[in-house]
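The residues making up each chain are set out below.
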Amino acid sequence: MHARNIGETSTAYDPRTMTTASGADYDQRQHVIQACYDHDVKFIRLWFTDILGMLKSVAITIEELEHALDDGVTFDGASIEGFARVDEADMVAVPDPSTFQLLPWRPRERAVARMLCDIRRPGGDPFEGDPRWVLRRALARAAEQGLTFYVSPEIEFFYFRDSGGTEPLDRGGYFDLTPLDSGTDLRRETVLTLESMGIGVALSHHEAAPSQHEIDLRYTDALTMADSIMTYRLVVKEVAMRHGAYATFMPKPRRDVNGSGMHLQLSLFRGEDNAFADVDDALGLSPLARNFMAGLLDHASETMLVTNQWVNSYRRLVPGFEAPTHATWSTTNHADLLRVPNYKPDDPGATRIEYRVPDPACNPYLAFAALLSAGLDGVDREAALPAALDRDVREIDSDELGQRAIAPLPSSLGEAIAAFADSALLRDALGDHVCDSLVANKRHEWGEYRTHVSEFELERYLGVL
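Quantities reported herein were computed from a predicted structural model and do not represent experimental measurements.

**Notes on the overall build of the protein chain**
Scanning the protein chain from terminus to terminus reveals 14 helices and 16 strands. For 465 residues, the compact-globule estimate of 2.2 N^0.38 gives 23 Å, and the protein chain sits close to it at 23 Å. With the C-alpha coordinates aligned to their principal axes, the bounding extent of the protein chain is approximately 70 × 55 × 50 Å. The buried share of the protein chain, reckoned over its 465 residues, is 55%. In the form shown here, the protein chain has an accessible surface area of approximately 20,500 Å², with 49% of it arising from carbon and sulfur atoms. In the protein chain, which carries 45 positive and 73 negative side-chain charges, the distance between the mean positions of the two groups comes to 4 Å.

**Digging into the packing of helix H7 (residues 300–307) against helix H11 (residues 413–421)**
Interaxial distance between H7 and H11 falls to 7 Å at its minimum, and their mutual angle equals 115 degrees. Viewed along their axes, H7 and H11 form a crossing whose handedness is left-handed. Residues Ser301, Glu302, Leu305 and Val306 of H7 lie in contact with H11, whose contacting residues are Leu413, Ala416, Ile417, Ala419 and Phe420. Considered class by class, the residues forming the contact of H7 with H11 number 7 nonpolar, 1 polar and 1 charged.

**Observations regarding the nonpolar core**
Phe149, Leu268, Phe292, Ile353, Tyr355 and Phe368 are the most contacted members of the largest nonpolar core, which totals 99 residues. Once residues within four sequence positions are removed from consideration, Phe368 is found in contact with Leu135, Phe149, Val151, Ala222, Met225, Ala226, Ile229 and Leu264. Ile33, Leu65, Phe75 and Phe83 belong to the second-largest nonpolar core, a separate cluster that totals 26 residues.

**A few points about the environment of Leu305**
Mapped onto the elements of the fold, Leu305 is located in helix H7. Sequence separation between Leu305 and Ile417 is 112 residues, and the spatial gap between their C-alpha atoms is 6.2 Å. Among residues more than four places away in sequence, those in contact with Leu305 are Tyr314, Leu413, Ala416, Ile417, Phe420, Leu438, Val439 and Lys442.

**Describing the pattern of salt bridges**
Pairing of side chains with opposite charge becomes possible as their charged atoms draw close. Applying the stated rule across the entire model yields 20 salt bridges. Where Asp118 meets Arg136, a salt bridge forms, and the shortest distance between an N and an O atom there is 3.0 Å. Highlighted residues: Asp118 in strand S6 (residues 111–120) and Arg136 in helix H3 (residues 131–144), separated in sequence by 18 residues. With a relative accessible area of 0%, Asp118 lands in the buried category. The exposure class of Arg136 is buried, given its relative accessible area of 8%. What emerges from the salt-bridge pattern is a single network uniting Asp96, Asp118, Arg132, Arg136 and Asp227.

**Observations concerning the packing of helix H6 (residues 287–298) against helix H9 (residues 364–381)**
In the contact formed by H6 and H9, the axes pass within 7 Å of each other and the chain directions differ by 120 degrees. Accordingly, the angle class assigned to the pair H6 and H9 is oblique. Between H6 and H9 lies a crossing of right-handed hand. Mapping the contact onto sequence places Leu288, Asn291, Phe292, Gly295, Leu296 and Asp298 in H6 and Leu371, Leu372, Ala374, Gly375, Leu376, Gly378, Val379 and Arg381 in H9. Among the residues making up the contact of H6 with H9, the classes are represented as 8 nonpolar, 4 polar and 2 charged.

**Observations concerning the side chain of Asn441**
Mapped onto the fold, Asn441 is located in helix H13 (residues 432–451). Those residues in contact with Asn441 that lie beyond four places of it in its chain are Leu52 and Glu81.

**A few points about the packing of aromatic side chains**
Tallied over the entire structure, the rule returns 10 aromatic pairs. With centroids separated by 5.1 Å and ring planes inclined at 85 degrees, the aromatic side chains of Phe157 and Tyr159 adopt a geometry described as edge-to-face. Residues Phe157 and Tyr159 agree in their burial class; the two are buried. Clustering of aromatic rings is evident, with ring pairs tying together Phe157, Tyr159, Tyr232 and Phe249. Over the aromatic face of Trp310 sits the side chain of Lys442, whose NZ or CZ is 3.6 Å from the ring centroid.

**Observations concerning a nonpolar patch on the surface**
A surface patch of nonpolar side chains, amounting to about 490 Å² of accessible area, comprises Phe456, Tyr461, Val464 and Leu465. As for its placement among the helices and strands, Tyr461 is situated in helix H14 (residues 455–462). When its relative accessible area of 37% is taken as the criterion, Tyr461 is described as partly exposed.

**Side note on the pairing of S6**
Judged by how many residues are buried, S6 sits mostly within the fold: 10 of 10 residues are covered. Going residue by residue along S6, you find Ala111, Ala113, Met115, Cys117 and Ile119 tucked away on one face and Val112, Arg114, Leu116, Asp118 and Arg120 tucked away on the opposite face as well. In the sheet, strand S4 (residues 90–95) pairs with S6 via 4 bridges, with the strands oriented antiparallel. Counterpart to Val92 in the pairing with S6 is Arg120. Examined bridge by bridge, strand S5 (residues 101–102) and S6 share 2 bridges and lie antiparallel to one another. Bridged to Leu102 within S6 is Ala113.

**What about H9?**
Since there are 3.6 residues in each turn of an α-helix, residues three or four apart along the chain are aligned in direction. Under the 1.5 Å per step criterion, the end-to-end length of H9 is 26 Å for 18 residues, consistent within 8% with the ideal 26 Å. The N-capping residue of H9, defined by a side-chain oxygen 3.1 Å from the backbone nitrogen of Tyr365, is Asn363. Of the residues one or two after H9, Glu382 is the one with positive phi, at around 50 degrees.

**A closer look at the confidence of the model for the protein chain**
Of the residues in the protein chain, 92% have a pLDDT of 70 or more, and the chain-wide mean is 88. Overall, residues 1–24 carries pLDDT values under 50, and its contacts beyond four positions in sequence, including any with other chains, amount to 61 contacts.

**A few points about unusual backbone geometry**
The backbone of Asp40 shows a phi angle near 55 degrees, a positive value even though the residue is not glycine. For Asp40, the location among the structural elements is in the loop between helix H1 (26–38) and strand S1 (41–49). The exposure class of Asp40 is partly exposed, given its relative accessible area of 31%. Although it is not a glycine, Ser211 adopts a positive phi angle of roughly 65 degrees. Note on placement: Ser211 falls in the loop between strand S8 (201–206) and strand S9 (212–217). In this structure Ser211 comes out as buried when scored by relative accessible area, which is 0%.

Conventions and cut-offs
- Residues numbered from 1 in each chain as written.
- Predicted model: local features only at pLDDT ≥ 70, side-chain atom pairs only at ≥ 80, totals over all residues.
- Heavy atoms only, no water.
- Helix = DSSP H or I, 4+ residues; strand = E, 2+ residues; numbered from the N terminus.
- Rg over C-alpha atoms; globule rule 2.2 N^0.38 Å.
- Buried < 20%, exposed > 50% of the residue type's maximum accessible area, 1.4 Å probe, protein only.
- Areas by Shrake-Rupley, 256 points an atom, 1.4 Å probe, with all protein chains shown as cover.
- Lys, Arg positive; Asp, Glu negative; His and termini not counted.
- Charge placed at Lys NZ, Arg CZ, Asp CG, Glu CD.
- Axes fitted to C-alpha atoms, helices over the stretch in contact; angles between N-to-C directions.
- Left-handed = near helix turned anticlockwise from the far one by under 90°.
- Contact = heavy atoms within 4.5 Å.
- Nonpolar A, V, L, I, M, F, W, Y, C, P; charged D, E, K, R; others polar.
- Core = buried A, V, L, I, M, F, W, Y, C linked by side-chain atoms within 4.5 Å.
- Salt bridge = Lys/Arg side-chain N within 4 Å of Asp/Glu carboxyl O.
- Parallel < 35°, antiparallel > 145°, perpendicular 65-115°, else oblique.
- Phe/Tyr/Trp six-rings, centres within 6.5 Å; stacked < 30°, edge-to-face > 60°.
- Lys NZ or Arg CZ within 6 Å of the ring centre and 35° of its normal.
- Patch = residues over 30% accessible without salt bridge, like charges linked within 9 Å, V, L, I, M, F, W, Y side chains within 5 Å.
- Pairing = 2+ DSSP bridges.
- Expected span 1.5 Å × (residues − 1).
- Polar contact = N/O pair within 3.5 Å; in protein donor to acceptor, adjacent residues only side chain to side chain.
- pLDDT = per-residue confidence, 0-100.

Right under this line is the structure:
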């Protein structure tokens, strides 16, 4: 494959299957080209995600579109965090035509569109450090068992007057409506923008903390959802900026209120049938669902470096703020790691489990791949699901916790790094390149944090010691 080698005949690569295909995606490609001319598109932004979950972009003009669809666009991988060593810098961004969308916040004349990309090596092979490819590989393993992974996220975030984070937009609380909830118009415009880009929204509302908000996306397959989350985060920020505000997905921007989580509603389907559902079970859960839950609990500490990857992530995961601190499950407690929502015997298709530890600043591709792999490991081992926790974990003393084998989750980035680095499961699921790059980056972050002298320390100690 020769990226942007204009005038030379080439073979297109099917972005979904990663196999050479001279015409398999011809109709989609032609649709993209025609849509660009129909909507007066001048620029197309090619998006991809680095290992840390940061959205990257390179823009091409309409004149280069056909060549980009055929051959991809070359970029310097060494300049992207976690992508490549210096001696393997050249990478190729190959647009996925199925992700083509106009950017509604850009001008309608000489409009701007976007496509998400898969990252390849110059010879055409998938790049093992591409988070989108990592998720594809995990989903392919599930597909070998006839399973499709579906996700619906509940994504929380904060609005502030500016990026300093000192002044919230409102003093509202959970489900508050105007005038306390001054973010209503921002949420409304965000929802309309997302839906105009083909991203289904289930609901939106004010969250518990002042100026904290939530928008939930409708169930879809995990790859589409990971793409949607990357778009969601940009749209939330774009809309806020247009209104003179600042939106942040920082897990814990304020010390005295709840942090922002990204609770995930998870399910597996076999064709049209929900593999998690069993109408004869008291909770509506199939044996596969219980095995999957056991796998998530068993590997929770290992997966937290991808579901909660920042130093700040662990400010949220403390007692008293509706966030998990132990590997527990229940049907009611919103501070457990796993929760089984109310069973609907008349709708087995709705059976799902809720995984509550991730935060909205994670890399969704890696997070979904890690959680799917952990759950399927439980299925493969027929792991036994422990008894549900019938009360708040804070009410249980250390002896009982030990007797019930209830393990605490990592309470710091340092602990999460140690658990992840020793995980054979995640090394197999995510690959050596991603694991080594992520550990190296996070060890650097943790080292910087450990040597930082905070304002808290200066205020408390400088004048008295």
